[in-house]
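# Analysis of the macromolecular model
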Amino acid sequence: MKKLRLILGDQLNSKHSWFSKTDKNTIYCIFEMRQETDYVTHHIQKIVGFFAAMRNFANELEKENHQVIYFTINDTKNTQSLTDNLLLLIKEQQIEELEYLAPDEYRLDKQLNDFANTLSIPTHVYSTEHFYTEREELANFFKGKKQFLMENFYRNMRKKHQILMVNEQPEGGKWNYDASNRKKWKGDVLIPTEINFDNDVSDILDDVKKAGVKYIGKINAKYFEYPISRKQSVAQLHYFCKHLLIHFGDYQDAMHTDKIYLFHSRISFAMNTKMISPKEIVAYVLETYRQRESEIDISQVEGFIRQILGWREYMRGMYWHLMPTYKKENFLSNTNKLPDFFWTGNTKMNCLKNAIHNSLDNGYAHHIQRLMVTGNFALLAQVNPDEIDAWYLGIYVDALEWVQLPNTRGMSQFADGGKIATKPYVSSGSYISKMSNYCDSCAYKKAKKFEEDACPFNALYWNFLEEKQAQLSSNFRMKMMYSVLHKMSSTDRIKIKEKAAHILENIDAY
Ligand code: FAD
Ligand code: SF4
């Protein structure tokens, strides 16, 4: 049987069992497509990074004697549609069987499923052999439960895969070292120079420009920093373990004007394209820990493993459990427009300016910048979650809907009414000041509420609580904040309302 095997741009798993042997009757196909570049406006580094990784992957397969058909974005044969390209190859190559790897995004899963139903040849779907869990595993684990708590899922994953476990008990005596993952970085602990691969991707950038793809953000195409091959992905992991793991947990939530990445791994692009697997990453982190146990504290290691074994798998499970209706949820009925400065970084609020510039310049912001700066502000400004999703899905090199959507709509925006987070992640300027040096050089004063130079987060925070009382005041974890609000004088509450209204009406002047 002549077989066509589809590989999507985020399925670059060279360790997949598909590739363990060559077969002259099997053709692999990989397509760069307008369908994928245009479903949202992406960061240029994301488009170029994906294409570079896909081209390298195709070359590697060919070197190993697999047959590959690769359509570049400007290929004359390229229909720019996934299913039309497949149809074209099925006819042209007289294909008798189509095989594909289960897509991680609902949109592509549906497209391929619908397409398969129209074909007269057999179709088979295979696992990507990437994740720890299968799609439905999380929903099965929580069957019959009201709340799908990440912590319960994570503990189960630790037990199931025997990670940081001793005789069925958590190693070190604690499941979670979150409380010791909250240090502010003050420049006292040295951060080694970042690993950059200096890839020259100018030809790909030219192709993207020639195709007329709309994009956002900056790129230095002669020195592209992200890993774009399996070898570079492994090098990124090794670099992280050698130099950064030792302080990862401590400074996980820290932010600083001079340091974009601090002790973060920057492994998400390599992992989300599947050039490297979560299992490999966790195994290497554990190996490093065993070799340097006297030097590296368990809290650093657990803090990192929790992100991958816990959060990443949890988010994927929640996505598949809650889609497709999840994409429409708007529990807090937020309808405001996303401020223009999200697309330019042109704001006097120093925390937002830094987080947005990081995003526009590098296609990157770390978790706390995404959650407690941009996400926090967007929620306090009561922005429509559709606009927020489009921004997050476009701007980050690691953004794929299965991980972006539950993080944004769920964890960051509470638009699902608490399916993922037990309370909204909102804060006034005090949290940002506690975890960063942003406020020190800001045009606004973090301790002021109503004055012209008052930190806008403050009035927006109390106004948010005021306006969302109907939805939030019965939430147990919000009780304390509501009791503070209720103790405020009516004059102050009116002043907050007026100040917040002024901010929201003139948001791009702030
Ligand atoms: P590190 O801090 O070094 O963490 C290691 C790895 O843990 C990451 O590479 C990532 O794979 C995983 N991880 C950490 N937190 C999460 C999480 N909450 N969910 C899933 N995996 C996690 N991550 C994405 O991969 N794609 C997204 O589109 C994305 N969108 C986000 C949107 C919002 C609003 C928020 C709050 C978080 C989002 N995250 C997303 C999670 C997280 O911010 C990024 O994974 C992380 O910043 C990537 O940088 P890093 O590799 O240096 O991560
Ligand atoms: Fe951000 Fe407010 Fe601090 Fe300025 S004062 S950096 S706006 S939190």
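On a predicted model such as this, the values are computed, not experimentally measured, just so you know.

What counts and how
Residues numbered from 1 in each chain as written. Chains lettered and ligands numbered in written order. Predicted model: local features only at pLDDT ≥ 70, side-chain atom pairs only at ≥ 80, totals over all residues. Heavy atoms only, no water. Domains from an automatic or database assignment. Contact = heavy atoms within 4.5 Å. Buried area = accessible area lost by both parts, 1.4 Å probe. Polar contact = N/O pair within 3.5 Å; in protein donor to acceptor, adjacent residues only side chain to side chain. Nonpolar A, V, L, I, M, F, W, Y, C, P; charged D, E, K, R; others polar. Phe/Tyr/Trp six-rings, centres within 6.5 Å; stacked < 30°, edge-to-face > 60°. Helix = DSSP H or I, 4+ residues; strand = E, 2+ residues; numbered from the N terminus. Lys NZ or Arg CZ within 6 Å of the ring centre and 35° of its normal. Pairing = 2+ DSSP bridges. Axes fitted to C-alpha atoms, helices over the stretch in contact; angles between N-to-C directions. Near = heavy atom within 4 Å. Areas by Shrake-Rupley, 256 points an atom, 1.4 Å probe, with all protein chains shown as cover.

## Observations concerning the domain arrangement of the protein chain
Annotation of the protein chain at the domain level lists domain 1 (3-126), domain 2 (137-198 + 228-318) and domain 3 (340-509). Using only C-alpha atoms to locate each centre, domain 2 and domain 3 end up separated by 26 Å. With 26 residues of domain 2 in contact, the opposing surface of domain 3 contributes 28 residues. Counting the surface lost from both domain 2 and domain 3, the interface buries some 2,400 Å², and carbon and sulfur atoms represent 62% of this. Broken down residue by residue, the surface that domain 2 buries against domain 3 is led by M255, T257 and M315, which jointly contribute 30%. Applying the counting criterion to the domain 2 and domain 3 interface returns nine residue pairs in polar contact (both at pLDDT 80 or more). Residue composition of the side of domain 2 that touches domain 3, by class: twelve nonpolar, seven polar and seven charged.

## Observations regarding the packing of aromatic side chains
All told, the structure shown has 32 aromatic pairs when counted by the stated rule. Note on F341 and F377: the rings are 5.9 Å apart at their centroids and 55 degrees apart in plane angle, and the pair reads as tilted. Separated by 36 residues along the polypeptide, F341 in the loop between α11 (298-322) and α12 (350-362) and F377 in helix α13 (residues 367-380) bring together distant segments of the chain. Pairwise contacts between aromatic rings join F341, F342, F377, W391, Y392, Y396 and F457 into one cluster. If you follow R135 out to its NZ or CZ, it ends over the ring of W320, 3.7 Å from the centre.

## Examining the sheet that holds strand β5 (residues 97-101)
The sheet built from five strands is open, its strands ordered β4-β2-β1-β5-β6 with parallel pairing. The open sheet is flanked by β4 (67-71) and β6 (123-126), the only strands paired with a single partner. Pairwise comparison of adjacent strand axes, ignoring direction, gives a mean angle of 25 degrees for this sheet. As judged from the four bridges shared by strand β1 (residues 3-6) and strand β2 (residues 26-31), these two strands associate in the parallel manner. Note that in β2 the partner of L4 across the bridge is I27. Here helix α2 (residues 44-63) sits on the sheet and contacts β2 and β4; the angle it forms with β4, its principal contact strand, is near 155 degrees. Contacting β1, β2, β4 and β5, helix α3 (residues 82-92) runs over the sheet at an angle of about 150 degrees to β2.

## Some thoughts on the site of ligand 1
H264, S265, R266, N272 and Y364 are the nearest of the 29 residues found near ligand 1. For ligand 1, an oxygen atom lies 3.4 Å from a polar atom in the side chain of H367. Between a nitrogen atom of ligand 1 and a main-chain N or O atom of D398, the distance comes to 3.0 Å. Notes on ligand 1: free accessible area 820 Å², of which the protein chains cover 99%. Listing elements by their share of the shell around ligand 1, those giving two or more residues are α9 (268-272), α11, α13 and α15 (401-412). Sorting elements by how many residues they give to the shell around ligand 1 places α11 first, with six residues. When the residues that make up the shell around ligand 1 are grouped by side-chain class, the tally is 14 nonpolar, eleven polar and four charged. Each of domain 2 (137-198 + 228-318) and domain 3 (340-509) gives at least three residues to the shell around ligand 1.

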